[in-house]
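Chain and residue survey
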Amino acid sequence: NAGVTQTPKFRILKIGQSMTLQCAQDMNHNYMYWYRQDPGMGLKLIYYSVGAGITDKGEVPNGYNVSRSTTEDFPLRLELAAPSQTSVYFCASSSSQERSYNQPQHFGDGTRLSIL
Amino acid sequence: KQEVTQIPAALSVPEGENLVLNCSFTDSAIYNLQWFRQDPGKGLTSLLLIQSSQREQTSGRLNASLDKSSGRSTLYIAASQPGDSATYLCAVRGGATNKLIFGTGTLLAVQP
């Protein structure tokens, strides 16, 4: 009953370091998403993917990169960490079956990232 | 540009009260509106999804309504319990981007 799994749960980085946030889902969903949530704010879409090999930018993509080599995994990479990237990162997935826009998104528990 | 607003930002009620959370959006061209619950340190749990053609959805003590023309949705929680304490987020899908656009949430505290 895993659903969407994110690792790590917490991380502290120094400015300029790089890291990859991992996301995996076991529901055979084609659609996957990365969001960030800043304190007191709603979620903002960073990148999304509609299937393996296909990714596209969301609302706030600068400073991030993604890849989608398999249906299950959708890692998010920070190349040069900056203090402005301190946030909670959520991965989500949804089904691409008929009327996919009416399918609910399923979320992981998040990765809490601090850049110091 | 779609903007989603939730009022109030925080709400504290005694156990047993019925309460209403509000969500408003600026672009009525939406596919659906979703209500989520977020517990501290956790991800989002989908509570209700209302399609654009629907007026309301119900799940247990929760009832969500949608008025597309006025750009409003409400989440009604009946007979509130301390376990209902969480942040409630609404999100709309559709408009120019066809992506989920989130409100900033309402932090609910139900006092025993």
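What counts and what doesn't
Residues numbered from 1 in each chain as written. Chains lettered and ligands numbered in written order. Predicted model: local features only at pLDDT ≥ 70, side-chain atom pairs only at ≥ 80, totals over all residues. Heavy atoms only, no water. Disulfide = S-S within 2.5 Å. Helix = DSSP H or I, 4+ residues; strand = E, 2+ residues; numbered from the N terminus. Buried < 20%, exposed > 50% of the residue type's maximum accessible area, 1.4 Å probe, protein only.

**Some thoughts on the state of the cysteines**
Taken as a whole, this structure holds 2 disulfides over all chains when the rule is applied. Across the disulfide, A:Cys23 is cross-linked to A:Cys91 (sulfur-sulfur distance 1.9 Å). The S-S bond linking A:Cys23 to A:Cys91 shows a torsion near -70 degrees; that makes this disulfide left-handed. Separated by 68 residues along the polypeptide, A:Cys23 in strand 3 (residues 19-25) and A:Cys91 in strand 9 (residues 87-94) bring together distant segments of the chain. In this structure, A:Cys23 and A:Cys91 share a single accessibility class: buried. Shown here is the disulfide that connects B:Cys23 with B:Cys90, its sulfur atoms set 2.0 Å apart. Its torsion about the S-S bond being 75 degrees, the disulfide of B:Cys23 and B:Cys90 is classed as right-handed. Residue B:Cys23 is located in strand 3 (residues 19-25), and its partner B:Cys90 is located in strand 9 (residues 86-94); the two are separated by 67 residues in the primary sequence. Of the two residues examined, B:Cys23 and B:Cys90, each falls in the buried class.

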